[in-house]
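Coordinates in review
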Amino acid sequence: MLKTHNCGQLNMSHTGQEVTLAGWVHRRRDHGGLIFMDLRDREGLTQVVFNPATSPEAHQIASEARPEFVLQVEGLVQRRPQGTDNPKIPTGQIEVMAQRVRVLNTSKTPPFYINEETEVEEPLRLKYRYLDLRRSRMKENILLRHRVIRFMRDFLDAQGFVEVETPILIKSTPEGARDYLVPSRLSAGKFYALPQSPQQLKQILMVGGIEKYYQIARCFRDEDLRADRQPEFTQLDLEMSFVEQEDILRLTENLFSALVKVVAPQFRFLKPFPRLRYSDVMERYGSDKPDLRYGMEMADLSDIAADSEFQVFRGAVASGGVVKGFAAPGCAHYSRKETDALIQMAKDYGAKGLVTVGILEEDLSHPSAVHSVAAKHLTPEVLQGMVQLTGAKTGALLLIVADRKDVANEVLGRLRQEMAHRLGLADPNL
């Protein structure tokens, strides 16, 4: 081995020991005599000190080293001087006084910073993927994925599941998306298909008596790219025999609850998991994958709107549509430019338009209580009913769509996400 310890491993218990480290130069600071260098490997950082008085040869090599050089360093672990501890890293109390250094590999100046989390254009990241993978965020993503999959394997093994690897080259079967096809060299004019998921294969395993199967499966779908779709992906695929719906729900809930506690304990979650009907979430949130970390639930205002003097509302209800809306807290004072931007956003999402109503005062009978271009068409009684149904407080902005039900749900669902993003309502740890 070219190293005796990892760079994130050393602490006060190693003081006085001779160690050998190997890694990349993360940062280098030349103080006109002493050279300080943060050496990095997968496990973390260790500060290395090069003193010309104790090891002039090592100091000379360090003076020529630059970020991303790969070094092997032999030295003595010592306590950092008083007041120079770095509490941000596990090795922040110690440093290594270098005695010998060997350059394992040099490096050109990287096309982007490795030691800083700066935004880098994706084409550049992909061109220099090996450099991108050295960055802290990418490394943590890969390690997190490793920990997640390892936990799943251990958990399912304890539950009596058997991991079975199913074929990648299979016969094409009718499913939801187009298959990727692979030509066969041995059977001219014929093709294999790449699986969209191991659906039929895992059912064969159940009929064959395996009873409990899982795999971390690669899936391929020849679909147009979208924000949440890509040509190939990995999924946890499992199948069980002799079970009912409740058994599946309990298993997956226990799996993911235990997973979060072990792998990402900083996150909080609801347990038992909320169980919501599709029709309910579409009515309340406008999405089949609603974000429940904040309120702003949509309300059906059709009954109130049908009795209003506002022809836009009455016409939508009369034609079989709906009038729905939600309240965005603290946005009543939005400017005309800001509300116009929301109206255009609603149109871009497919609505004919958007009505905004700012609730400025609690007494809705007061002339200055409401800020809206539709204010003259809405009586205090109608406004009060809308406020009650949406749960709006003083200072809230009502966002209302009059259209077909599917359009209103879709548009308001997306506007709800937009307003939550603007207001920072979603707790990142929940």
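These lines cover the structure that appears in this document, whether it is placed above or below.

**With respect to the overall build of the protein chain**
- Across its full length, the protein chain carries 12 helices and 15 strands.
- The globule rule puts the C-alpha radius of gyration for 430 residues at 22 Å, and the 30 Å found for the protein chain is more than 25% above it.
- Overall, the protein chain is about 90 × 65 × 45 Å in size when its C-alpha atoms are taken along their principal axes.
- For the protein chain, the residues scored as buried account for 39% of the 430 residues in total.
- Residue pairs at least 24 apart in sequence account for 60% of intrachain contacts in the protein chain once pairs closer than 6 positions are excluded.
- Surface exposure of the protein chain reaches about 25200 Å², of which carbon and sulfur atoms provide 52%.
- For the protein chain, the centre of its 56 positive side-chain charges and the centre of its 57 negative side-chain charges are spaced 4 Å apart.

**Section: the nonpolar core**
- Counting residues in hydrophobic clusters, the biggest one holds 25 residues, and the most contacted among them are Phe313, Val323, Val357, Leu378, Leu398 and Ile400.
- Those elements that place two or more of their residues in this core are helix H9 (311–318), strand S12 (322–328), strand S13 (355–359), helix H11 (380–390) and strand S15 (397–403).
- Residues within four places of Leu398 in sequence aside, it is in contact with Phe326, Ala327, Val355, Thr356, Val357, Ile359, Met386, Thr390 and Ala392.
- Judged by nonpolar contacts, the second largest core, of 23 residues, contains Tyr294, Val322, Phe326 and Leu412.

**Things to note about the packing of aromatic side chains**
- Within the structure shown, the criterion is met by three aromatic pairs.
- Consider the rings of Tyr128 and Tyr130, whose centres lie 6.5 Å apart with planes at 65 degrees: the pair is edge-to-face.
- With a relative accessible area of 23%, Tyr128 lands in the partly exposed category.

The rules behind the values
- Residues numbered from 1 in each chain as written.
- Predicted model: local features only at pLDDT ≥ 70, side-chain atom pairs only at ≥ 80, totals over all residues.
- Heavy atoms only, no water.
- Helix = DSSP H or I, 4+ residues; strand = E, 2+ residues; numbered from the N terminus.
- Rg over C-alpha atoms; globule rule 2.2 N^0.38 Å.
- Buried < 20%, exposed > 50% of the residue type's maximum accessible area, 1.4 Å probe, protein only.
- Contact = heavy atoms within 4.5 Å.
- Areas by Shrake-Rupley, 256 points an atom, 1.4 Å probe, with all protein chains shown as cover.
- Lys, Arg positive; Asp, Glu negative; His and termini not counted.
- Charge placed at Lys NZ, Arg CZ, Asp CG, Glu CD.
- Core = buried A, V, L, I, M, F, W, Y, C linked by side-chain atoms within 4.5 Å.
- Phe/Tyr/Trp six-rings, centres within 6.5 Å; stacked < 30°, edge-to-face > 60°.

Any link to function would need more than the numbers given here.
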